[in-house]
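If you want the building blocks of each chain, they are given just below.
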Amino acid sequence: MKKIPPSAGGPERTASLPSAPREDVPPPRGDVPPRRLHARRWVAVTVVTVAAALVVVIAASVVFGSQPPATAQRTARAGAGAGVGFSRLAGRRAPAFSVASLRDPRAQVSLADLRGRPLVINFWASTCIPCREEMPAIEQVHRHLGSSVGFLGIDLYDSRRAAVGFATRTGVTYLLGFDPSGAVASSYGVYDLPTTFFVSASGALVGRQVGAMTEHRLESLVATLFAVHQGHRAAP
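Small disclaimer: the values here were computed from a predicted structure and weren't measured. (Residues numbered from 1 in each chain as written. Predicted model: local features only at pLDDT ≥ 70, side-chain atom pairs only at ≥ 80, totals over all residues. Heavy atoms only, no water.)

A.B. asks: Give a detailed account of the packing of helix α4 (residues 129-145) against helix α7 (residues 215-226), specifying residues and quantitative values.
C.D. replies: With their axes 8 Å apart at the nearest point, α4 and α7 run at an angle of 45° to one another. With respect to α7, the element α4 is oriented oblique. Handedness of the α4/α7 crossing: right-handed. Here α4 contributes Ala 137, Ile 138, Gln 140, Val 141, His 144 and Leu 145 to the contact with α7, which in turn contributes Glu 215, Leu 218, Glu 219 and Val 222. (Axes fitted to C-alpha atoms, helices over the stretch in contact; angles between N-to-C directions. Helix = DSSP H or I, 4+ residues; strand = E, 2+ residues; numbered from the N terminus. Parallel < 35°, antiparallel > 145°, perpendicular 65-115°, else oblique. Left-handed = near helix turned anticlockwise from the far one by under 90°. Contact = heavy atoms within 4.5 Å.)

Pasting the structure below:
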């Protein structure tokens, strides 16, 4: 019992502490101070917001957690990003690499083995829609200039089966490498597909094309960068 001081001239009074409310009868809303109600609402809103954010994060991790890095994810919109087009490079040496042959898993394809003549390196993937249009064009230029210029396509972030099927459907016959981890593409700074690099006979990077090319465009770049035309020898 809690004692209450006696009032002036009156006997001492006592008052009981409030008893716990019955479980089946909620306390009147008016008994809760407005500030406490506001605080409870704020806490409830915060909890709901945090829970919703967690659901979004978990869902995103489930959807994208098994996806390959950004380069592969761009293949669906390849050729649509900023920086699409051709740019000359300063002539730094092309990063060395060695990857498995796409058609023959027992064989290796290395940059060192391809030096001695100009080289066109095209990065592609079976999920890249613009690559389907570009690779037949590269094949045509390869047939015209393959005796003077090397052509190499490097597939990335693919299964071998999907990549081989894609290459067969596009009808390409030039050399193909298999880079499922994207390590070679990363060393070349590839950020979109398709991307093509032009390497001089001495191993220097002289140009980069981001986005698909037509047969005429590729022939024009090869002629400008390597001084190679049909019936002409490549410049050193």
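A.B. asks: Describe the sheet that holds strand β7 (residues 150-156), naming the residues involved and giving the relevant values.
C.D. replies: Within the open sheet, the eight strands sit side by side as β3-β10-β9-β6-β7-β8-β4-β5. Their pairing is mixed. A strand with exactly one partner marks an edge of an open sheet, and here the two such strands are β3 (85-88) and β5 (108-110). If you compare each strand with its neighbour and ignore which way they point, the axes differ by 30° on average. When strand β6 (residues 119-124) meets β7, the two strands line up parallel, connected through six bridges. Following the sheet pairing, Ile 121 is matched in β7 by Leu 152. In the packing of α4 onto the sheet, the strands contacted are β6, β7 and β9 (195-199), and the crossing angle to β6 comes to about 160°. Along the sheet, α7 contacts β3, β6, β7, β9 and β10 (205-210); its crossing angle with β9, the most-contacted strand, is approximately 25°. (Pairing = 2+ DSSP bridges.)

A.B. asks: I'd like a rundown of the pattern of salt bridges, residues and numbers included.
C.D. replies: Taken as a whole, this structure holds two salt bridges when the rule is applied. A salt bridge links Arg 106 to Asp 104; its shortest N-O distance comes to 3.2 Å. Residue classification places Arg 106 among the exposed positions, given a relative accessible area of 78%. Relative accessible area serves as the criterion here: at 28%, Asp 104 is assigned to the partly exposed category. Arg 143 serves as the salt-bridge partner of Glu 139, at 2.8 Å between the closest nitrogen and oxygen. One end of the pair, Glu 139, and the other, Arg 143, are both in helix α4, four residues apart, so they sit about a helical turn from each other. The buried category is assigned to Glu 139, whose relative accessible area is 2%. (Salt bridge = Lys/Arg side-chain N within 4 Å of Asp/Glu carboxyl O. Buried < 20%, exposed > 50% of the residue type's maximum accessible area, 1.4 Å probe, protein only.)

A.B. asks: Hey, could you go over the nonpolar core for me, with residue numbers and the actual values?
C.D. replies: One finds Ile 121, Phe 123, Trp 124, Tyr 188, Phe 198, Val 222 and Phe 226 to be the most contacted residues of the largest nonpolar core, which totals 48 residues. If we skip the residues at most four places from it in the chain, Tyr 188 touches Ala 94, Pro 95, Phe 97, Leu 111, Ile 121, Phe 123, Phe 197 and Leu 205. (Core = buried A, V, L, I, M, F, W, Y, C linked by side-chain atoms within 4.5 Å.)

A.B. asks: Give a detailed account of the confidence of the model for the protein, specifying residues and quantitative values.
C.D. replies: Interpretation of this model should avoid reading the predicted coordinates in detail wherever pLDDT is low. On average, residues of the protein score 78 in pLDDT, and 62% of them reach the 70 mark or higher. In this model, residues 1-21 is a region of pLDDT below 50 whose contacts with residues beyond four sequence positions or in other chains number twelve contacts. Overall, residues 55-82 carries pLDDT values under 50, and its contacts beyond four positions in sequence, including any with other chains, amount to 33 contacts. (pLDDT = per-residue confidence, 0-100.)

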